[in-house]
Amino acid sequence: MPRRNDLHRILIIGSGPIIIGQACEFDYSGTQAAKALRADGFEVILVNSNPATIMTDPDLADKTYVEPLTLPYLTEIIRRERPDALLSTVGGQTGLNLSVELAEAGVLEKYGVELIGAKIDAIKKAEDRLLFKDAMRKIGLETPQSQLVNSVNAGLEFAGRIGYPCILRASFTMGGTGGGIAYNKEELVEILERGLALSPVHEVLIEESALGWKEYELEVMRDLADNCIIICSIENFDPMGVHTGDSITVAPAQTLTDREYQMMRDGALRCLREIGVDTGGSNVQFAINPANGRMVIIEMNPRVSRSSALASKATGFPIAKIAAKLAVGYRLDEIRNDITLKTPACFEPTIDYVVVKIPKWAFEKFPGADTTLGTQMKSVGEVMAIGPHVQGRHVEGHTQPGDRQSVRQREVR
Amino acid sequence: MKLPERVEITSHNHGFAVDPDSLKMSEVEITHVNLNDQTLEGFRHRSEPVFCVQYHPEAAPGPHDSHYLFDDFTKLMREAK
């Protein structure tokens, strides 16, 4: 399956303003993708609302629109430019969400634009909590146990079975109201009563919590011929409950036996195939309960992610660039390995060194901000250190110039 | 013969390889080729239930991409019974 010759103009959506949680890594991935596609003779149309990005530099795309990233503007750009395809996977969550909006509004169909990278069904299956759970059950991967309850008694019974802490989410409420984490019976009753009252359908989802479990990520790639490879495994130093963006992470994973790692690898590949991401990079997250070794799959991002940028730098495998090439039809074995320049890109990098990423915060600029780390990302940057052993990289990462945070707050609760 | 477009990630470790040209007129056909250096990794007999690979589908540590070979093998045994 070589390069597709039926596509000529490809639209890339950038990720917009830089915010905590979505920063220059998506400028990097979009830029890499644009370069790769143009080098291959495709015309690239780029949209990003943020002019302070590399991707909006005049020479990077054939046409660059600095316009708001909203449905009406995108629709107008598509009407004018008539791209053949939209690459949905290199503009972060913003690019992915807009691709979904455009597809659902019928804009892509109306103007004959093909979604490449991840199709709408795959994106939905990965992003919708329940669809994802069902899909994972189908392929025999465990997810955290959960149940919908309509009464406090039913809730107490289920929580008694799965143990505390557990996570509560009220159905059909906005922005997580009526939810919370219950660490004991009393808290469960309190949150559950409130949640049931707030939910218009009188329903609350109770979910087993993986707080404090070991957290891992695998960066995975797939081509149209269904070849799948793992680019890199990443282990979070901080347990589940601290956002990966706020966590010290180490690549490759350090505390897994080969059996555990292969189980995770097999699971990630099954997940990628079941969700149906056609081409390109995805990120699959797992948690392992240190008490009994139970492994659950947490989520899957059907796009180039923050961790992809780290994995690219850690291994030398340019994920975004290759994701773009896979999206236009190439197979992994038809693309050249960027490092050897001779062998194909269809390989799993084996690294005999470690890479430690240490996040940076700027709490001194936000007096009054809660400095406790949790499930919402708060870091504004990161340091990466490469070397022969983990301890040394920690020292290097922590002694970067400008680091005035000698004490790291890592309390989960 | 055209090889399938599937790639397996495998453990392998060998210092010798069969010269593919030496098999041209023989009763076996090539089934696996190493993408990194194009060495021959596996072949099968055209008519008899015989196949082989030179890497380690059974290896641990190592990935499980080649486990289908064991299914193929037991299938051949069942068919030959």
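Above this text you will find the structure in question.
No experiment lies behind these values; they were computed from the predicted model shown.

### Focus on empty space enclosed by the protein
All names here are of chain A.
Okay, so step 1: Taken as a whole and assessed by the stated rule, the structure comprises 5 cavities of 30 Å³ or more.
Okay, so step 2: What the second largest cavity holds in volume is close to 60 Å³.
Okay, so step 3: What lines the second largest cavity is E217, I234, T244, G245, T249, R306, S307, L310, K357 and E382.
Okay, so step 4: Tallying contributions element by element places helix α10 (residues 306–315) first for the lining of the second largest cavity, with 3 residues.
Okay, so step 5: Across the lining of the second largest cavity, the residue classes break down as 2 nonpolar, 4 polar and 4 charged.

### Some thoughts on the sheet that holds strand β6 (residues 146–149) of chain A
All names here are of chain A.
Okay, so step 1: Spatially, β6-β9-β7-β8 is the arrangement adopted by the 4 strands of the open sheet, whose pairing is antiparallel. Either end of the sheet is taken by a strand with one partner, and the two such strands are β6 and β8 (180–182). Sheet twist, expressed as the mean angle between neighbouring strand axes with direction ignored, is 25°.
Okay, so step 2: The pairing of strand β7 (residues 166–170) with β8 spans 3 bridges and is classified as antiparallel. Bridging from a neighbouring strand, I167 pairs with I181 of β8.

### Brief notes about the interface of chain B and chain A
Okay, so step 1: Counting from both sides, the interface comprises 12 residues of chain B and, opposite them, 18 residues of chain A.
Okay, so step 2: Summed over both partners, the interface of chain B with chain A comes to about 1,200 Å²; 50% of that surface belongs to carbon and sulfur atoms.
Okay, so step 3: On the chain B side of the contact with chain A, E5, R6 and I9 of chain B bury the most area, a combined 40% of that side's loss.
Okay, so step 4: Remark: the boundary between chain B and chain A carries 2 salt bridges.

About the criteria used
- Residues numbered from 1 in each chain as written.
- Chains lettered and ligands numbered in written order.
- Predicted model: local features only at pLDDT ≥ 70, side-chain atom pairs only at ≥ 80, totals over all residues.
- Heavy atoms only, no water.
- 1 Å grid on protein atoms, 1.4 Å probe; cavity = no way out; pocket = protein on both sides within 12 Å on 5 of 7 lines; lining within 4 Å.
- Points joined across faces, edges and corners; volume = space filled by probe spheres on them.
- Helix = DSSP H or I, 4+ residues; strand = E, 2+ residues; numbered from the N terminus.
- Nonpolar A, V, L, I, M, F, W, Y, C, P; charged D, E, K, R; others polar.
- Pairing = 2+ DSSP bridges.
- Axes fitted to C-alpha atoms, helices over the stretch in contact; angles between N-to-C directions.
- Contact = heavy atoms within 4.5 Å.
- Buried area = accessible area lost by both parts, 1.4 Å probe.
- Salt bridge = Lys/Arg side-chain N within 4 Å of Asp/Glu carboxyl O.

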